[in-house]
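# Working through the structure, step by step
These are the residues of each chain, in order.
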2 protein chains.
Amino acid sequence: MRETDFVSGFARGLKVIEAFGETRQRLSIAEAAKLTELDRATVRRSLLTLAELGYADYDGKFFTLTPKILRLGHAYLAATPLPALLQPHLDLLSERAGQSASASVLDDTEIVYIARASQRRVMSINLTPGSRLPAYCASMGRVLLAALAENEARAILARSELKQNTPNTKTDPEELIAEFRRVRAEGYAIIDQELEIGLCSIAVPVENDRGQTVAAINIGAPAALVPAAEMKERYLKLLKETQAALRPLLRR
Amino acid sequence: MRETDFVSGFARGLKVIEAFGETRQRLSIAEAAKLTELDRATVRRSLLTLAELGYADYDGKFFTLTPKILRLGHAYLAATPLPALLQPHLDLLSERAGQSASASVLDDTEIVYIARASQRRVMSINLTPGSRLPAYCASMGRVLLAALAENEARAILARSELKQNTPNTKTDPEELIAEFRRVRAEGYAIIDQELEIGLCSIAVPVENDRGQTVAAINIGAPAALVPAAEMKERYLKLLKETQAALRPLLRR
DNA sequence: TGACATTTGTTCATATATCGCACAGACTGA
DNA sequence: TCAGTCTGTGCGATATATGAACAAATGTCA
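In this text the structure is predicted, and so the values were computed from the model without any measurement.

## Some words on the interface of chain B and chain A
Across the contact, 56 residues belong to chain B and 57 residues belong to chain A. Only helix H1 (8–19), helix H3 (40–53), helix H4 (70–79), helix H5 (81–97), strand E4 (100–107) and strand E5 (110–117) of chain B provide two or more residues apiece to the side of chain B that touches chain A. The class makeup of the residues in the side of chain B that touches chain A is 29 nonpolar, 15 polar and twelve charged.

Shown next, in the form of structure tokens:
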């Protein structure tokens, strides 16, 4: 791509949008400039543009995003048939299992939720489509990373911040690579409180009719109710049935 | 705002992202140019920028959005405390009612779902956070429009495409304005298959501790199971309880 | 099939808009 | 009061948008 085929004003603006998040609902010009490492004048122009277009509100001091910004992400959710296709199957799966069921895809080092059917909220985290979790310590992440060529998975792990979330969290890249091999061989991944104490989950890949992994689905359950050792016997069959039902629907 | 406080390259890029949706998962440069009414050369630069940043894939002919684009909408969902605050209450509400419960806010003529707890899928439409429905014919939309000053509501109706979705759909602005008055007086709105045949819903406003309406919550049910006439006696009390539980949590 | 008409992606020159810096004024808190 | 931090602005250097031009791909009709 040539230098002039890149609109840096657009790229800078997207960076400004991403600066909002978690604890940053309201941003002043200076704060946004620090977070994005862009010039204050540039950030100011981007923010004023967002406000002018109705994507942000401005009270003269702070900017906040408006729900209009959801149109952008929604362009993807509406454009991709995957979420809509998966949703009814997740609903059924969730009901049969009596636990939350979710679907996600991989975006670099993170998994992105694209659909979810929740029973009761067991996690401290609020997960909705668009939510992200580190791939290395999530059951769906393990499944999605296991589907990659080993050097690719290794490269992603190298980019990941392998954080010890709980005493159970596996953070050794070699141990993780070995686990990916097991996942590939056996077709599922189980997480025993590696992300959050008290939470277990089991995931399988969603494959299209050519056998390519296009997403992952999982069932999450409180460790207090369902010990990790029981996850497989309780839920693997249900997950495999959902997987089988989806495969013919996913043509490439 | 001065002329130079607007980054048109950014605005154009956002327009390009919004061109994706529903039936437009894959766009060629020329298609995107038509949809956005921008020059082909300009659209090409925006799309190549999106691809360069990983927000889009490009196979040499068509562009598709990647899940990374969800980071943008997620910036709002994560930044705003409202969805996370509402979710557990919706879960409880949905469980007690045995039906889907949702929350939404108003974005011009549309309501935008910001949280949802689904029981079984009864609608043909797949609703997730970020999904949009026309406000004038949705129960939450009626509640949110009723919360506005009457001239504002009138202006929004004037901008709305008042479509006759079903034989039940109210499309006369004056009739709708009168309905808003009733909603304001009685504190709830009921929709009897105005959006889709077979679907009823009832909504109430979510108010902060100053009594300002900040969102709406609803319960949807199949008309076959719950006739519109029964919606009030079955669900209004539950909705009001949720509303009361939320009010003290919403400080401005 | 072949000739012709459209459509599409790409490039280019140049007029135009944006960027980042430096500075001024406003505000805050010690 | 004064230092520190903030927002807003003017300006030259630099980057981008535009519309026309062109080649390649695609569609159309006899």
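## Brief notes about the sheet that holds strand E9 (residues 213–222) of chain A
All names here are of chain A. Reading across the sheet, the six strands line up as E6-E5-E4-E9-E8-E7 and stay open at both edges, with antiparallel pairing between neighbours. Unpaired on one side and paired on the other, strand E6 (132–134) and strand E7 (189–192) mark the two borders of the sheet. Within the sheet, the average angular offset between the axes of one strand and its neighbour, ignoring direction, is 30°. Sheet topology places strand E4 (residues 100–107) next to strand E5 (residues 110–117); seven bridges connect them, and they run antiparallel. Bridging across to E5, Ala 103 finds its partner in Ala 115. Packed on one face of the sheet, helix H9 (residues 228–246) meets E7, strand E8 (199–207) and E9 and runs near 25° to E8.

## Regarding the protein's contact with DNA strand C
Neighbouring DNA strand C are 19 residues; Gly 9 and Thr 42 of chain A together with Ser 28, Ile 29 and Ala 30 of chain B lie closest to it. When contributions to the surface near DNA strand C are tallied by element, the ones reaching two or more residues are helix H1 (8–19) and helix H3 (40–53) of chain A together with H1, helix H2 (29–36) and H3 of chain B.

## A closer look at the environment of Cys 200 of chain B
Residue and element names in this part refer to chain B. With respect to the element layout, Cys 200 can be found in strand E8 (residues 199–207). Residue classification places Cys 200 among the buried positions, given that 28 C-beta atoms sit within 10 Å. On a C-alpha basis, the gap between Cys 200 and Ile 114 in space is 20 Å, while along the polypeptide they are 86 residues apart. Filtering out sequence-adjacent residues up to four positions away, Cys 200 remains in contact with Ile 191, Asp 192, Gln 193, Ala 221, Ala 223, Val 226, Ala 228 and Met 231.

How each quantity is defined
Here, residues in each chain are numbered from 1, in the same order as that chain's written sequence. Labels are handed out in written order, letters beginning with A for the chains and numbers beginning with 1 for the ligands. This being a predicted model, a pLDDT of at least 70 is required before a residue's local features are given, and a value of 80 or more before pairs of side-chain atoms are given or counted; all residues contribute to the totals for chains, interfaces and linings. Placing C-beta atoms from the backbone, we regard two residues as in contact once those atoms come within 7 Å. Helix and strand definitions here come from DSSP, where helices need a minimum of 4 consecutive H or I residues and strands a minimum of 2 consecutive E residues; each element is numbered from the N-terminal end. Charged means Asp, Glu, Lys or Arg here, nonpolar means Ala, Val, Leu, Ile, Met, Phe, Trp, Tyr, Cys or Pro, and polar covers whatever is left, Gly included. When DSSP finds two or more bridges between two strands, those strands count as paired. Between the N-to-C directions of two axes lies an angle of 0 to 180 degrees, each axis being a line fitted to C-alpha atoms and, for a helix, fitted only over the stretch in contact. A residue counts as near a molecule or strand when its C-beta atom, positioned from the backbone, falls within 6 Å of it. Neighbour counting defines burial: a residue surrounded by 20 or more other C-beta atoms within 10 Å of its own C-beta is buried, one with 12 or fewer is exposed, and intermediate counts give partly exposed, using backbone-placed C-beta atoms.

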